[in-house]
Amino acid sequence: MSETTETIFSKIMRREIPAEIVYEDDLAIAFKDIHPQAPVHILVIPKEPIPQLASVESKDHALMGHLLLTVKRVAQQAGLNNGYRVVINTGSNGGQTVNHLHLHILGGRQMTWPPG
Ligand code: AMP
């Protein structure tokens, strides 16, 4: 996967293409997935265009913690009181299609295991 960091998610952050943004702060933004795989499907991304989990460095440790706390906050805000799944697809074998780190929040139905 290329390390280029300009993606459709950068355009969403800059409001150049529409998205249903549900949360934003200085470091992160969350918006509804355009092809939802569950009744609730939200993506949490860092504003910094880190390409994927495998690109994260030690200096990013506070940001990574912030992203997980943002997941918790956004899931609570979405009313996912019975649980939810958090997914980070990483690289081509991981099924990643957008080269900007993102955490999927999936909820509102019973999840199954193993994932595909
Ligand atoms: P992944 O396959 O893990 O890289 O996930 C990328 C996700 O981005 C997919 O679930 C797509 O449906 C979602 N996606 C792609 N384009 C958009 C968009 N314009 N707005 C919202 N979600 C998008």
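Source: prediction; values computed, not measured.

**Q** When you look at the environment of Val87 in this model, what are you seeing that I'm missing?
**A** Structurally, Val87 can be placed in strand β4 (residues 84-87). When the C-alpha atoms of Val87 and His104 are compared, they prove to be 5.0 Å apart, with 17 residues separating the residues in sequence. Sequence-distant contacts of Val87, defined by excluding residues within four places in its chain, comprise His102, Leu103, His104 and Leu106.

**Q** I'm lost on the site of the ligand in this one. Help?
**A** Taken together, 16 residues lie around the ligand, and Asp33, Asn89, Thr97, His102 and His104 are the ones closest in. In this structure, Asp33 approaches the ligand through a side-chain N or O atom, which is 2.5 Å from an oxygen atom. At 3.1 Å from an oxygen atom of the ligand is found a main-chain nitrogen or oxygen belonging to Val98. For the ligand, whose accessible area on its own is 500 Å², the fraction buried by protein is 85%. Counting only elements with at least two residues in the shell around the ligand, the list comes to α1 (8-13) and β2 (28-32). For the shell around the ligand, the element with the highest residue contribution is α1, accounting for three residues.

**Q** Would you mind showing me how to read helix α2 (residues 61-77) here?
**A** Each full turn of the α-helix corresponds to 3.6 residues, which orients residues three or four apart in the same direction. Taking 1.5 Å of rise per residue, the 17 residues of α2 would be expected to cover 24 Å, and the 24 Å separating its terminal C-alpha atoms lies within 8% of that figure. Buried residues in α2 make contact with β1 (21-24), β2, β3 (40-46), β4 and β5 (103-107). One or two residues past the end of α2 sits Gly79, with phi positive at roughly 80°.

**Q** What's the story with the packing of aromatic side chains in this structure? I'm lost.
**A** How two aromatic rings sit relative to each other is given by the distance of their centres and the angle of their planes. Counted by the stated rule, this structure contains one aromatic pair. The interplanar angle of 70° and the centroid separation of 5.2 Å between the aromatic rings of Phe9 and Phe31 together place this pair among those described as edge-to-face. Remark: Phe31 occurs in strand β2 and Phe9 occurs in helix α1; sequence separation between them is 22 residues. For the pair formed by Phe9 and Phe31, the shared burial category is buried.

**Q** It is not clear to me how a nonpolar patch on the surface should be interpreted in this structure. Could you clarify?
**A** Residues Leu68, Tyr84 and Val86 make up a contiguous nonpolar surface patch of roughly 260 Å² in combined accessible area. With respect to the helices and strands, the residue Tyr84 is situated in strand β4. Its relative accessible area of 34% is what places Tyr84 among the partly exposed residues.

**Q** Looking at this structure, I do not really get the environment of Gly83. What am I missing?
**A** Mapped onto the fold, Gly83 is located in the loop between α2 and β4. Using a relative accessible area of 37% as the deciding quantity, one classes Gly83 as partly exposed. Expressed as a C-alpha distance, the spacing of Gly83 and Tyr23, which sit 60 residues apart in the sequence, is 19 Å.

Here is what the cut-offs are and how they apply
- Residues numbered from 1 in each chain as written.
- Predicted model: local features only at pLDDT ≥ 70, side-chain atom pairs only at ≥ 80, totals over all residues.
- Heavy atoms only, no water.
- Helix = DSSP H or I, 4+ residues; strand = E, 2+ residues; numbered from the N terminus.
- Contact = heavy atoms within 4.5 Å.
- Near = heavy atom within 4 Å.
- Polar contact = N/O pair within 3.5 Å; in protein donor to acceptor, adjacent residues only side chain to side chain.
- Areas by Shrake-Rupley, 256 points an atom, 1.4 Å probe, with all protein chains shown as cover.
- Expected span 1.5 Å × (residues − 1).
- Phe/Tyr/Trp six-rings, centres within 6.5 Å; stacked < 30°, edge-to-face > 60°.
- Buried < 20%, exposed > 50% of the residue type's maximum accessible area, 1.4 Å probe, protein only.
- Patch = residues over 30% accessible without salt bridge, like charges linked within 9 Å, V, L, I, M, F, W, Y side chains within 5 Å.
- Salt bridge = Lys/Arg side-chain N within 4 Å of Asp/Glu carboxyl O.

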